[in-house]
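Next come the chains, spelled out residue by residue.
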Amino acid sequence: MAPFTKHILCIGAGYVGGPTMAMIAAKCPDYEVTVVDINEARIAQWQTDELPIYEPGLLDVVKVARGRNLFFSTDVAAGIAKADIIFVSVNTPTKTFGEGAGKAADLQYWEKTARQIVQASQHNKIVVEKSTLPVRTARAMERILNANDKGIHFEVISNPEFLAEGTAVQDLLQPDRVLVGSQETPEGLIARQSMVDIYAHWIPRRRILTSNIWSAELSKLVANAFLAQRISSINSISVLCERTGADVNEVAHAIGMDSRIGAKFLKAGVGFGGSCFRKDILNLVYLCEHYGFDEVARYWESVVNINDYQQQRFVRTMLHAMFNTVAGKRIALFGFAFKADTGDTRESPAISIARKLLDERARVVITDPKALGNAKHDLQGLTGDLEFEPDALRAAKGAHAVAVMTDWDVYRHLDYAAIHAAMVHPAFIFDGRNFLDHKQLFDIGFNVYPVGKPYLSHLHGQ
Ligand code: NAD
Ligand code: UGA
């Protein structure tokens, strides 16, 4: 076998590092790709057929390259020493302490990684920001990396990732675009070209965008902010729809057909979850505050406020519908993942809704096809009557209400007549994802509460 032409390393074997590197390895057999992580259990799982993250189609991609030119390891230093290009894809959560707590990005994992890179390096390298970072982080990284006394030059590149969970494989295979930002110096432009060469193995050149490094860093935060803003915008309109007889799906369809607005990301519901929207918008808010742009900060902060409001409102609707109390009532939450086709529950609206229902002393039973393990972890330590049940029908048995938290396709095809028969009557269904057949559920006997549409109740006048 011909020797590898390049050694690529990725530090961080999570939702981004794992799938991204698997795709690069599968499409670039001439490169050796190694993924390292400090989490031994995660690395061990990447070497089995039970991958540490659930992502449709991912195992097939991993299998193409694993053992050929894709390797998983916990030896971070050895990986760094060998690599020509190092992607850093560690987590960048919101800071929970000190200055900027609750908003700014916590860059401690990033900085630790940068120092490890300096320590274990013996030759020049390209260091790629794959994690989502505040604009101008590359400056700090360059200073840390290039303050070495070994005469090694590190060129920092920003190559933010735009994949969404659940569709990661498709997003990586045929991305709308790949963005590569670099310094516009001779070294920066050479590094930029090395990055373009990787992606050009399978992505048309016109979809590989190059830019200055600050534009690339900022574009990632702005892309997430704009996507989340659309969801908060339609959710804000859902409130009006419920009061006026308008149907939010019809409104979304009508405005989405305007090609200037577009149809995507206009689904009203319990709000956005996921590990990034909230943290990235708060990061943007913090940056605006840092530069003294308070009006701009408040504008973007309102996207998060509407999201919180939508979740509070959902629980209030449940309370009002169920005669102003849910104490002692069994409530089945259908789904806990932040969206369908993933086991990820980070920032899932189901977390805050489960907590609020427990505060109201409801008996909460949670069901989900992929996320029960994470759900148990998220809710551990909470007091109250809490149960986890893999089977949706059993979860609904004896329940006063079902509340749909995740748009899993399986929930569309359940036997709702059997579910209704097994529940306490009057039986309620709160469709937090607005995707069930509401008329059919009403005809079965449910009192149906969608988001952004008038409710369908058998209890009028009682
Ligand atoms: P993750 O938590 O799933 O994975 C990060 C991994 O980095 C963990 O396994 C952790 O153990 C490892 N790690 C942390 N410090 C390390 C160190 N010093 N050495 C080795 N390994 C270390 O996170 P993720 O969801 O993959 O996100 C990573 C970054 O990508 C974040 O900045 C996120 O904002 C961004 N992003 C995420 C998504 C997504 O869909 N999850 C999409 C686009 C961008
Ligand atoms: C999102 C972006 O879509 C990715 O481009 C980005 O790379 C990623 O964040 C990131 O930076 O982490 P992801 O969070 O995986 O991806 O999932 P989305 O499909 O964007 O959904 C986010 C949340 O919004 C989910 O809770 C989903 O249910 C909700 N949503 C989405 C709505 O409520 N309505 C919609 O119309 C669309």
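Under the counting rule described, the total for this entry stands at 22 salt bridges. Taking the shortest distance from any N to any O, the salt bridge between K103 and E289 comes out at 2.9 Å. Here E289 lies in helix α11 (residues 277–290) and K103 lies in the loop between β4 (85–88) and α5 (108–120), a separation of 186 residues in the sequence. Exposure remark for K103: the relative accessible area of 19% places this residue in the buried category. A salt bridge links D409 to R412, with the nearest nitrogen and oxygen atoms 3.1 Å apart.

A separate point is the pairing of strand β9 (residues 330–334). The buried fraction of β9 is high, at five of five residues. Residues R330, A332 and F334 line one face of β9 and the alternating positions I331 and L333 line the opposite face, and both faces are buried. Pairing analysis gives five bridges linking β9 to strand β10 (residues 363–367), with the strands arranged parallel. In the sheet register, A332 faces β10, and the bridge partner there is V365. Regarding the hand of the β-α-β motif, the stretch spanning β9, helix α13 (residues 349–359) and β10 is right-handed. Here four bridges tie β9 to strand β12 (residues 401–404), and the two strands are oriented parallel to one another. Directly across from L333, in β12, lies its bridge partner A403.

Let us now look at the sheet that holds β9. Strand-to-strand pairing in sheets goes through backbone hydrogen bonds, with the strands running parallel or antiparallel. With parallel pairing, the six strands of this open sheet are ordered in space as β11-β10-β9-β12-β13-β14. The open sheet has two edge strands, β11 (386–388) and β14 (447–449), and neither has a second partner. When strand polarity is set aside, the average angle formed by the axes of neighbouring strands in this sheet is 20°. Set on the sheet, helix α12 (residues 294–321) makes contact with β9, β12, β13 (428–431) and β14; between it and β13 the angle comes to about 165°.

Let us look at the packing of aromatic side chains. Taken as a whole, this structure holds 14 aromatic pairs when the rule is applied. Aromatic side chains F428 and F430 sit 6.1 Å apart centroid to centroid with 10° between the ring planes, which places their arrangement in the stacked category. F430 matches F428 in its accessibility class, with the two residues each being buried. Ring geometry for Y449 versus Y455: centroids 4.8 Å apart, planes at 20°, classification stacked. Taking relative accessible area as the criterion, Y449 reaches 9% and is therefore assigned buried. Given the relative accessible area of 44%, Y455 is considered partly exposed. Clustering of aromatic rings is evident, with ring pairs tying together F314, F323, F428, F430, Y449 and Y455. The side chain of R136 reaches across the aromatic face of W214, ending 4.1 Å from its centre.

Rules used throughout
Residues numbered from 1 in each chain as written. Chains lettered and ligands numbered in written order. Predicted model: local features only at pLDDT ≥ 70, side-chain atom pairs only at ≥ 80, totals over all residues. Heavy atoms only, no water. Salt bridge = Lys/Arg side-chain N within 4 Å of Asp/Glu carboxyl O. Helix = DSSP H or I, 4+ residues; strand = E, 2+ residues; numbered from the N terminus. Buried < 20%, exposed > 50% of the residue type's maximum accessible area, 1.4 Å probe, protein only. Pairing = 2+ DSSP bridges. Right-handed = clockwise from strand over helix to strand, strands pointing away. Axes fitted to C-alpha atoms, helices over the stretch in contact; angles between N-to-C directions. Contact = heavy atoms within 4.5 Å. Phe/Tyr/Trp six-rings, centres within 6.5 Å; stacked < 30°, edge-to-face > 60°. Lys NZ or Arg CZ within 6 Å of the ring centre and 35° of its normal.

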